[in-house]
Amino acid sequence: MARRSNRKASGKLPDIRAVAALAKVSIATVSRTINSSPLVSERLNQRVWQAIRQLNYLPNTHARTLVSGRSRIFGIIVENITNPFFPDLIQSFESIAVANGYEILVSSTNSDPAVLAACARRMLERKVDGVAVMTFGEEEPVLDQLVHRGIPIVLAEFKLDDPKASTILLDYSTGIHAAVRHLAELGHRDIAFLAGPHSLHSAITRENDFRSAMQSTGLPLQNKWIIECDHTLKGGVTGFEQLQGLSARPTGIVCSNDMTAIGVLRAAYMAGLRVPHDLSVIGLDDIDFAEYTLPPLTTIRLSRAELARAAFEALRMQVQDPRNPKLQREFLVSTSLVVRDSTAAPPQRS
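Residues numbered from 1 in each chain as written. Predicted model: local features only at pLDDT ≥ 70, side-chain atom pairs only at ≥ 80, totals over all residues. Heavy atoms only, no water.

Thoughts on the packing of aromatic side chains
Per the stated rule, a full pass over the model turns up eight aromatic pairs. For the ring pair Phe93 and Phe312, a centre distance of 6.4 Å and an interplane angle of 70 degrees mean the geometry is edge-to-face. Here Phe312 lies in helix α12 (residues 304-320) and Phe93 lies in helix α5 (residues 85-99), a separation of 219 residues in the sequence. Here Phe93 and Phe312 have matching classes, each one buried. (Phe/Tyr/Trp six-rings, centres within 6.5 Å; stacked < 30°, edge-to-face > 60°. Helix = DSSP H or I, 4+ residues; strand = E, 2+ residues; numbered from the N terminus. Buried < 20%, exposed > 50% of the residue type's maximum accessible area, 1.4 Å probe, protein only.)

Here we look at the packing of helix α1 (residues 16-23) against helix α3 (residues 42-55)
At a minimum axis separation of 9 Å, α1 and α3 run at an interaxial angle of 125 degrees. Our classification of the angle between α1 and α3 gives oblique. The two elements α1 and α3 cross, and the hand of that crossing is right-handed. Residues Ala18, Val19, Leu22 and Ala23 of α1 form the contact with α3, whose own contacting residues are Arg47, Val48, Ala51, Ile52, Gln54 and Leu55. Within the contact of α1 with α3, the residues separate by chemical class into eight nonpolar, one polar and one charged. (Axes fitted to C-alpha atoms, helices over the stretch in contact; angles between N-to-C directions. Parallel < 35°, antiparallel > 145°, perpendicular 65-115°, else oblique. Left-handed = near helix turned anticlockwise from the far one by under 90°. Contact = heavy atoms within 4.5 Å. Nonpolar A, V, L, I, M, F, W, Y, C, P; charged D, E, K, R; others polar.)

A closer look at the sheet that holds strand β3 (residues 130-134)
Pairing is mixed in the open sheet, where eleven strands are placed in the order β2-β1-β3-β4-β5-β11-β10-β9-β8-β6-β7. A strand with exactly one partner marks an edge of an open sheet, and here the two such strands are β2 (103-108) and β7 (226-228). On average, each strand axis in the sheet is tilted by 15 degrees relative to the strand beside it, whichever way the strands run. As defined by bridge partners, strand β1 (residues 73-78) adjoins β3 across five bridges and the pair is classed as parallel. Following the sheet pairing, Gly75 is matched in β3 by Val131. Relative to the sheet, helix α9 (residues 201-217) contacts β4 (153-156), β6 (191-195), β7, β8 (252-255) and β9 (280-285), its axis offset from that of β6 by approximately 170 degrees. (Pairing = 2+ DSSP bridges.)

Rendered as C-alpha cells:
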C-alpha cells in the first residue's frame, strides 16, 4: 500500500535572492561567500552562511563551476581501499575538505596501473580542482594525465619538478629507529623485517630505514631475515612461514605495515607461539585494529589525520595562490612508536 507523506509542500525552493534578502547583502556578496572569495569579510561571511542554513538553501554547484571556473572538488586516489589505513585517510581528508567548502571524489587503484589510469580520467572528467595521489609508489602512470593538463596534485614521497606538484615527505626513519631501539633495549639482537612490495618506493624506504636502524643500534643484520611481502594479512602469514622454515629464527619481527603484522600474529598463534613471550612483533601505521588485536599491537604511528591535513593544505594553497613563487611545496609528516603488548624481552635460549 502506498504511503502518504506527512510533510506539506513547502512551496518554491529558496534561491540566491532569498539568501541575499535575509542576510541583507547583495546577490554578488552571497555568490562570493559561496565561492570562498577573500573579498568577503568574516562578519559578512558568517551572516550569509547563517542565512543559507536557515533557508536550507542548496547552491547550484554546476552554475557555480561555470561562473568561477572551479568545481570545488578535490580528488583523492588511494592504493587499496581494503587496507584500513586508506578509509581512515579518506575520512580525515573529507572532514577537512567539507569544513572548507569542498567536496571530494574518491578512487582506489587496487594496485592496477590500468585502474589508476581510469581513476585519473574520472578526475579530469569531473573537472576537479586538484588531486591527492596517495598511492605510495604507483603514481607515475597518472602524471602525464594530470600534471601536463595543469591539474594541481600532491604526491606522497614522490618529488616532481613541476610548479603544479607538491610532495608530502613521510619520516619513517624516526619511528623505525625507535622500534629497533625498543627491541634492543628489551634484549633482542635477532630481528627480522617483513618488507612491503619493492614496486612501492615507500616500501623500499621503510626497508632502508630498518637497515640503517639496525646498523646505528649496533645489531647484526641478517639479509635472510629481510623478506619481501605484499602489505596484506596473507603476506604476513607467508613471511612468517618463510622465517619459520629457516634453521636460525629471529626473536623479534618488525613489519612494513600493520596488516602484515596482524598476519604474523595469527600465523604465530597457529604455530603455537605466544606473542610476546616467544616472539615480539611490531607493525607500522597504527590502524584502529592495532589496538584491538590479541595482544594489542606495538606499532609505528603514521597519523592519517596529519597526512590528510597536509594533502588538503597542499592542494588548497596551489588552487588559491598558484602564481606565488614562495608557495610551500613540501610537507613533512613524522612517525612515532606506540608501545603496547606485542613486545617483551626475548625468550632465554639454551
